[in-house]
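Structural description and commentary
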Amino acid sequence: MGYYCSKCKKDIPEKVYEYSLENYDKVLCRDCQKTINNGKDNVSDNKSEGLSDKKSRFTEGMIKGRIAETLIEELFLSLDYNVFRYGMENTVPGIMKLLKGVRGDVATNIRRMPDFVVQKDKSVFFVEVKFRTSESFTLEDLPRDYPFENAYFIVVSKKHIKCITYEELKQGKEISPDTHNYLGNRKEFDLDKNIIIDFCNFAVKFFEGV
Ligand SMILES: [Zn+2]
């Protein structure tokens, strides 16, 4: 599945993709990462840091991502959803129906399955959780042939929890600090606004110091 640089559109391997997201909060090839390091629009103040600093920042990003996942998992659990992490092909009600709409190689797609499947009664959703310091998420954050056309992306930032579908991303919509696509506004999840507010407050408190 092809990832590509959001600046120069060059194809990049998955490792570079992941590294770039963790460290630059956007998808950049190695060359474009260097340009950013040298230029004035320095997103993260990495002057002449050593390898160990880079490594620890990478780990920090991973941990933030995991925390965001856990937060969203708990949020859905507290709303009486069932939450499944991968390997659930045979156990999730409705999963085979969801997989029918999935393009491409089945094995790759199952491996790249979104973080969660959440289910309540007859509603089943693919959910992918992202932590973004920049509070932004666009179609460019995904590989070109992203197969899960019915996925929901939940973006956790230091201040907000927002949500966008793959469908909306394809229409050119995005998540940014200026958009109002809060998770609490999604009717399909039938979410309790007070619970979401509780989780948002928790997230704010938690991510404040990091
Ligand atoms: Zn590039």
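Fair warning: this is a prediction, and the values are worked out from it, not measured in the lab.

Per the secondary structure count, the chain includes seven helices and seven strands. Shown N-terminal to C-terminal, the secondary structure of the chain runs as helices and strands in the order β-β-α-α-α-β-α-α-β-β-β-β-α-α. When the 210 residues of the chain are sorted by exposure, 29% land in the buried category. Counting contacts in the chain only where the partners sit at least 6 residues apart, residues at least 24 apart contribute 56% of the total.

What follows is about the pairing of strand E5 (residues 123-131). Along E5, seven of the nine residues are buried, which leaves the element largely enclosed by surrounding structure. Linking two consecutive strands that pair antiparallel, namely strand E4 (residues 116-120) and E5, is a turn of two residues; a positive phi of about 50 degrees is found at Asp-121 within it. Of the strand pairs in this sheet, E5 and strand E6 (residues 151-156) are connected by six bridges, and their pairing is parallel. Within E6, the residue paired with Lys-130 across the bridge is Val-155.

What follows covers the nonpolar core. Counting 35 residues, the largest nonpolar core has Ile-72, Val-127, Tyr-152, Phe-153, Ile-154 and Val-156 as the members making the most contacts within it. Per-element tally for this core: the top contributor is E6, with six residues. Setting aside its immediate chain neighbours within four residues, Ile-154 contacts Ile-72, Val-127, Val-129, Ile-161, Cys-163 and Leu-183. Formed by nine residues, the second largest nonpolar core is a distinct cluster that contains Cys-5, Ile-12, Tyr-24 and Cys-29.

This part is about the sheet that holds E5. Here five strands make up an open sheet; going across it, the order is E3-E4-E5-E6-E7 and the pairing mixed. Because the sheet does not close on itself, it has two edges, and the strands there are strand E3 (82-85) and strand E7 (161-165). On average, adjacent strands in this sheet sit at an angle of 30 degrees to one another, irrespective of strand direction. Examined bridge by bridge, E4 and E5 share five bridges and lie antiparallel to one another. Residue pairing for E5: Val-118 is matched across the bridge by Phe-125.

What counts, and where the lines are drawn
Residues numbered from 1 in each chain as written. Predicted model: local features only at pLDDT ≥ 70, side-chain atom pairs only at ≥ 80, totals over all residues. Helix = DSSP H or I, 4+ residues; strand = E, 2+ residues; numbered from the N terminus. Buried ≥ 20, exposed ≤ 12 C-beta atoms within 10 Å, placed from the backbone. Contact = placed C-beta atoms within 7 Å. Pairing = 2+ DSSP bridges. Core = buried A, V, L, I, M, F, W, Y, C linked by C-beta atoms within 7 Å. Axes fitted to C-alpha atoms, helices over the stretch in contact; angles between N-to-C directions.

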